[in-house]
Amino acid sequence: MNKWMIGFLTLLLVLIMPAGQGNVQASANPVKDKAQTLAQTVISDYGVTSLQYAIRDHGAITLSDGAGASNQETGAPVTRETMYGIGSVSKMVVAAATMQLVDAKLVDLDQPLTMYVKDFQMADKRYRQITPRMLLNHSSGLYGSHYENSMLFDDNDTQNHDELLSKLRSDHLKSDPGAYSVYCNDGFTLLEILVERVSGVSYSDYLDQHFSKPLGLGSTKTPLDTFDREKLAKTYFPGIDHVLPVENANVLGAGGIYSTAEELTKFAEVLMGDRPELLSKAASKSMQAHEYRNGIWVEEETNIFNYGLGWDAVELAPFGEYGITALSKGGDTIVYHAGMIVLPEQHISIAVLSSGGSSFYNSAFAAGVLLEYLDEKGLIDEIQPTPTFEAPVKMEMPKELQAYSGLYGMVGETMKVVIQQGQMELAAQMGGLIPAQTYVYTGNGRFTSSDGTANVSFVKETNGKTYLKLDAYLNFPGLSQMHMVSYEYQKLETQPLSQKVKETWETRNGKTYYALDEKINSLFYMSTAILNKTINVDLEHGYANGAKIVDANQAVNIMEIPNMNSRDAFDFKFSELSGAEILDVNGQTFIREDGIPNLYGGAQSKITILPSGQARWFNIQPSLAERTMTVKTEGSGGIIVYDEQGLLVHSSIISQTPAFKLPAGGKIVFGGQPGDVFRIHLSQ
């Protein structure tokens, strides 16, 4: 799923959780000691509730342990049987399933997808060029992700999967298929559909028949499978004081599988080519190809992102510096996080799963422990010291670099870069991992951060676009360091707007639009920053949230940035319904904040979900502050309440309490099936 969005959210909302006692093994050794030290750091400093990890070496488990509490209320420890959602690590499963069909000569990676999914259509004629390979290496040109109703509490509704082909029919592509790789979830849901169409069985049944049973994976399941949900690690969210219901990520190919660390390393044997009866060595080797090189990409090979077929990285830093090929895949849902690193030539793999935190932390943990393991086995001479940096020495800047000043953007934002007197200011990068600071010119076309860990330069690519490139070392104190090089921003041209268009968009600036189509049991309701859309208009240059304004009621994506920062692109379309402005974002509907009515303040009232099935939002006016609302629900509906800052204060999906106090200036939303009734009583 959306790794930057979720990672940024968790960085903002980290809580310090109490450390629990892991499943401690009897004998001490440097690798175990290193893992336990890092595990306690993750638990105490990075908002992780529980952690599970395992190393498999030539088919045998050599380390398996956990930390934290799988259930904070009971203090139950993490065991080897504790299950977690593995998020986007699930992409490696659908990738392997696709490659099995290639082995069986039922799929050709380089034939059009329409050969296998005949009803796949888009409004952009270039869709006919999309192949399964392009889905696997993220180069299809699809906008990215249709997230709606994909992450649900205790609900395995397949609506997201079932409606994807229909939604794509009205979508356009953001680039030519194959032009460059940029992370894309929808591509892996399309692969899930491909596997179903070609095999003739449901995706869950395919996984059971072709992976779980042959490998003996008793705890690797999808939300559609029947299994003991009590085996899942309990999940929590900042500001919510008790355990959450079970999260179902109903985008199975993109991020919906549950597993354990030990079973994930068992599956890694397939990906390494060690189970040729399930996947040929040739197929596993082809998945490790440097697919990202087929399109536009940064020159540097040392990186944490360089896509293969399914893999986030096929040459993961810093392992290449030791002469070791390392493959990696990370994954995040809202509450579960995962990291997996595989060393195919050494037949070693590590998996790290957690409740809370971020896949960045899991991957940093995995890299640190795996280097210790390689050192202990004598597979590397010694662990190289972590690079250190000094404050930059400013040099005289060539005048021609001044031309790189101007407007830059990524999906969701624009920013102005002003280069003067050999320096420039940049806002926080990487979701806050790199703080806002001054970068000074240090030679060779580079501007360096005040602590020396990050360098910025500018590249004009073969597609004619200019990119701001960031070369940075990301520090995770107490864990490890990651080196990442990527194009972060695209240089943009000013889009002249007529006065009338400016006036229309100016009324939208800063306004929030509230989701109408999301099911009330969606995990997205836990954070209004994820659920709703706030419009930020750059009238001077003609953009809204990084999308180019084309007229009074439309803005379209123009970002074409390899790797991450043009992922999950969107278009805006505005219309009016019953006096309220409605926003359509890639087929999902939102209502403007000033179109939301006030909640009725009488002692008794009734709210009914309309035939459209859309959620119903209401303002909580100040006169209702601190009044107690008691609700009797007729049907399967639910109620969620937010305070004035948009923080969740009550959810009937999470808490069964029928009575709660109303916050002043907040919002309340009712959702459910058409005809569901909420009978309301307000008392002082």
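Residues numbered from 1 in each chain as written. Predicted model: local features only at pLDDT ≥ 70, side-chain atom pairs only at ≥ 80, totals over all residues. Heavy atoms only, no water.

### What to know about helix 2 (residues 30-45)
Line of reasoning, step 1. Taking 1.5 Å per residue, 16 residues should reach 22 Å; helix 2 reaches 22 Å between its end C-alpha atoms and fits that length.
Line of reasoning, step 2. All of the buried residues in helix 2 are Val31, Lys32, Ala35, Leu38, Ala39, Thr41, Val42 and Ile43.
Line of reasoning, step 3. Those residues of helix 2 that are buried lie in contact with strand 1 (50-57), strand 2 (60-71) and helix 11 (359-377).
Line of reasoning, step 4. At the N-terminal end of helix 2, a side-chain oxygen is found 3.0 Å from the backbone nitrogen of Val31, two or three residues along, and the residue is Asn29.
Line of reasoning, step 5. Taken from the residues just after helix 2, Gly47 is the one with a positive phi, measuring 70°. (Helix = DSSP H or I, 4+ residues; strand = E, 2+ residues; numbered from the N terminus. Expected span 1.5 Å × (residues − 1). Buried < 20%, exposed > 50% of the residue type's maximum accessible area, 1.4 Å probe, protein only. Contact = heavy atoms within 4.5 Å. Polar contact = N/O pair within 3.5 Å; in protein donor to acceptor, adjacent residues only side chain to side chain.)

### Thoughts on the sheet that holds strand 28 (residues 604-608)
Line of reasoning, step 1. Read from one edge of the open sheet, 4 strands run 28-35-30-33, paired in antiparallel fashion. Across the chains shown, the open sheet's two edge strands, defined by having one partner strand only, are strand 28 and strand 33 (659-661). Across the sheet, the mean angle from the axis of one strand to that of its neighbour is 25°, orientation sign disregarded.
Line of reasoning, step 2. When strand 28 meets strand 35 (residues 677-683), the two strands line up antiparallel, connected through 5 bridges. (Pairing = 2+ DSSP bridges. Axes fitted to C-alpha atoms, helices over the stretch in contact; angles between N-to-C directions.)

### Topic: unusual backbone geometry
Line of reasoning, step 1. Going from Ala317 to Pro318, the amide bond is cis rather than trans, its omega being 5°.
Line of reasoning, step 2. Unusually for a residue other than glycine, Lys105 sits at a positive phi of about 60°.
Line of reasoning, step 3. Among the secondary structure elements, Lys105 is positioned in the loop between helix 3 (91-103) and helix 4 (132-136).
Line of reasoning, step 4. At Ser578, a residue that is not glycine, the phi angle is positive and equals roughly 55°.
Line of reasoning, step 5. In this structure, Ser578 sits in the loop between strand 25 (572-577) and strand 26 (580-585).
Line of reasoning, step 6. According to the relative accessible area criterion, Ser578 is exposed, its value standing at 78%.

### Here we look at the confidence of the model for the protein
Line of reasoning, step 1. When the pLDDT values of the protein are averaged, the result is 93; 96% of them are 70 or greater.
Line of reasoning, step 2. For the stretch residues 1-27, pLDDT sits under 50, and the model shows 88 contacts to residues farther than four places along the chain or on other chains. (pLDDT = per-residue confidence, 0-100.)

### As for the packing of aromatic side chains
Line of reasoning, step 1. Under the defined criterion, the tally for this structure stands at 28 aromatic pairs.
Line of reasoning, step 2. Centroid distance Tyr183 to Tyr307: 6.5 Å. Interplanar angle 45°. Geometry classified as tilted. Of this pair, Tyr183 sits in the loop between helix 5 (159-168) and helix 6 (186-199) while Tyr307 sits in the loop between helix 10 (281-287) and strand 8 (327-332); the two residues are 124 residues apart in sequence, bridging distant segments of the chain. This pair shows no difference in class: Tyr183 is buried, exactly as Tyr307 is.
Line of reasoning, step 3. Taken together, the ring pairs connect Tyr183, Tyr292, Trp297, Phe305 and Tyr307 into an aromatic cluster.
Line of reasoning, step 4. Lys91 extends its terminal NZ or CZ atom over the ring of Phe188, reaching a point 5.6 Å from the ring centre. (Phe/Tyr/Trp six-rings, centres within 6.5 Å; stacked < 30°, edge-to-face > 60°. Lys NZ or Arg CZ within 6 Å of the ring centre and 35° of its normal.)

### Details of the pairing of strand 34 (residues 667-671)
The side chains of a regular strand alternate between the sheet's two faces.
Line of reasoning, step 1. With 5 of its 5 residues buried, strand 34 lies for the most part within the structure.
Line of reasoning, step 2. In strand 34, alternate side chains face the same way, and those of Lys667, Val669 and Gly671 on one face and Ile668 and Phe670 on the other are all buried.
Line of reasoning, step 3. As defined by bridge partners, strand 29 (residues 616-619) adjoins strand 34 across 4 bridges and the pair is classed as antiparallel. Its bridge partner being in strand 34, Phe618 is matched across the sheet by Ile668.
Line of reasoning, step 4. Where strand 31 (residues 638-642) lies against strand 34, 5 bridges are found, and the strand directions are antiparallel. If you follow Gly638 over to strand 34, its bridge partner there is Gly671.

### Here we look at the side chain of Ser284
Line of reasoning, step 1. Topologically, Ser284 is positioned in helix 10.
Line of reasoning, step 2. Dropping the residues within four chain positions of it, Ser284 is found in contact with Val270, Leu271, Met272, Gly273 and Leu279.

### Topic: helix 3
Line of reasoning, step 1. An ideal rise of 1.5 Å per residue puts 18 Å on 13 residues; helix 3 measures up with 18 Å between its terminal C-alpha atoms.
Line of reasoning, step 2. Counting buried positions over the 13 residues of helix 3 gives 11, a clear majority of the element.
Line of reasoning, step 3. All of the buried residues along helix 3 are Lys91, Met92, Val93, Val94, Ala95, Ala96, Ala97, Thr98, Met99, Gln100 and Leu101.
Line of reasoning, step 4. Positive backbone phi, at 60°, marks Lys105, one or two positions downstream of helix 3.

### Some details on the sheet that holds strand 19 (residues 512-515)
Line of reasoning, step 1. In space, the 9 strands of this open sheet follow the order 20-19-27-26-25-24-23-22-21, with antiparallel pairing throughout. Only two strands of the sheet have a single neighbouring strand rather than two, namely strand 20 (533-534) and strand 21 (537-538).
Line of reasoning, step 2. Note: strand 25 against strand 26, 6 bridges, orientation antiparallel. Paired with Leu577 across the strands is Ala580, a residue of strand 26.
Line of reasoning, step 3. Each of strand 21, strand 22 (543-544), strand 23 (547-551), strand 24 (554-556) and strand 25 touches helix 12 (residues 499-506); the most contacted strand, strand 23, lies at about 125° to it.

### Observations concerning the side chain of His138
Line of reasoning, step 1. Mapped onto the elements, His138 comes out in the loop between helix 4 and strand 5 (151-153).
Line of reasoning, step 2. Discounting residues that sit within four places of it in the chain, His138 has contacts with Tyr180, Ser181, Val182, Tyr183, Cys184, Phe188 and Tyr307.

### Details of the pattern of salt bridges
Line of reasoning, step 1. Applying the stated rule across the entire model yields 24 salt bridges.
Line of reasoning, step 2. A salt bridge links Asp155 to Lys519, with the shortest nitrogen-to-oxygen separation between them at 2.7 Å. Taken together, the positions of Asp155 in the loop between strand 5 and helix 5 and Lys519 in the loop between strand 19 and helix 13 (528-531) put the pair 364 residues apart, joining distant regions of the chain.
Line of reasoning, step 3. Judged by relative accessible area, Asp155 falls into the buried class, the value being 15%.
Line of reasoning, step 4. Between Glu581 and Arg508 there is a salt bridge, with its nearest N and O atoms 3.0 Å apart. With a gap of 73 residues between them, Glu581 in strand 26 and Arg508 in the loop between helix 12 and strand 19 connect regions that are remote in the sequence. Take Glu581 and Arg508: they sit in the same class, and that class is buried.
Line of reasoning, step 5. Ionic contacts of the salt-bridge type, sharing partners, join the residues Lys266, Glu269, Arg275 and Glu277 into one network. (Salt bridge = Lys/Arg side-chain N within 4 Å of Asp/Glu carboxyl O.)

### Concerning the environment of Leu136
Line of reasoning, step 1. Tracing the sequence through the fold places Leu136 in helix 4.
Line of reasoning, step 2. Taking the C-alpha atoms as reference points, Leu136 and Met526, separated by 390 residues in sequence, lie 31 Å from one another.
Line of reasoning, step 3. Excluding anything up to four places from it in sequence, Leu136 contacts Ala95, Thr98, Met99, Leu109, Phe188, Leu191, Gly308, Leu309 and Gly310.

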